[in-house]
Amino acid sequence: CICYIEGVRLAFSGLLFIVLLIACASEAQSVGRCALCGMRVDPTGLVAGATGADGASLAFDSAKCLFRYRLAHADVRDAWVTDYYARTHRPIEGTLFVLGSDVHGAMGPDLIALASREDADRFSREHHGTSVLTLDQVTRTVVEALFGAH
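The rules behind the values
- Residues numbered from 1 in each chain as written.
- Predicted model: local features only at pLDDT ≥ 70, side-chain atom pairs only at ≥ 80, totals over all residues.
- Heavy atoms only, no water.
- Helix = DSSP H or I, 4+ residues; strand = E, 2+ residues; numbered from the N terminus.
- Buried < 20%, exposed > 50% of the residue type's maximum accessible area, 1.4 Å probe, protein only.
- Contact = heavy atoms within 4.5 Å.
- Axes fitted to C-alpha atoms, helices over the stretch in contact; angles between N-to-C directions.
- Parallel < 35°, antiparallel > 145°, perpendicular 65-115°, else oblique.
- Left-handed = near helix turned anticlockwise from the far one by under 90°.
- Nonpolar A, V, L, I, M, F, W, Y, C, P; charged D, E, K, R; others polar.
- Polar contact = N/O pair within 3.5 Å; in protein donor to acceptor, adjacent residues only side chain to side chain.

## Observations regarding the overall build of the protein
Okay, step 1: On a plain count of helices and strands, the protein comes out with four helices and 11 strands.
Okay, step 2: Split into buried and exposed, the 150 residues of the protein put 38% on the buried side.
Okay, step 3: Contacts in the protein between residues at least 24 apart in sequence constitute 57% of all its contacts with a sequence separation of at least 6.

Pasting the structure below:
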């Protein structure tokens, strides 16, 4: 009876070890570092991404890191952000950005991406946003002010 219990405990411990090993390995593969600041990119957060000139995928922990990176690297293409409500990736072209809200990204105050004017206006009302910007309105001044704001 004692041998049986010890065998079950040993088998359970081995199974638990394997499950934890697989979980840690899959997290290590899915989590990267921000191409701008080096912070860990949480794939469940309001992350962003793009393709570099060399074709490599770039990950960013926040929309503002993506925009600051783009200021220094004009050859970045296929940039995308995470829509706040849908939690899906969408191209920055055609996306609206709420500035000055009480929702912060990984690096503090951020540009919160939304797919439609209706969503952006609703988010701005609910989260005290100060303005809704188009891509063309996300200027160097706006981006640099976000980095000075935290």
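## Considering the packing of helix α2 (residues 63-72) against helix α4 (residues 140-148)
Okay, step 1: Where α2 meets α4, the closest approach of the two axes is 10 Å, and the angle between their N-to-C directions is 125°. One way to sum up the angle between α2 and α4 is to call them oblique. In terms of crossing hand, the pair formed by α2 and α4 is left-handed. Along the contact surface, α2 presents K64, C65, F67, R68 and L71, while α4 presents R140, V143, E144, L146 and F147.
Okay, step 2: Grouping the amino acids of the contact of α2 with α4 by side-chain chemistry returns six nonpolar, no polar and four charged.

## A look at the environment of R33
Okay, step 1: Within the secondary structure, R33 is located in strand β1 (residues 32-33).
Okay, step 2: Accessibility expressed as a relative area gives 56% for R33, which makes it exposed.
Okay, step 3: C-alpha of R33 to C-alpha of L58: the two residues are 25 residues apart in sequence and 8.9 Å apart in space.
Okay, step 4: Residue contacts for R33: discarding those within four places in its chain leaves G38, M39, R40, V41 and A59.
Okay, step 5: Side-chain polar atoms of R33 contact the backbone oxygen of G38, separated by 3.4 Å.

Geometry only, nothing functional implied.
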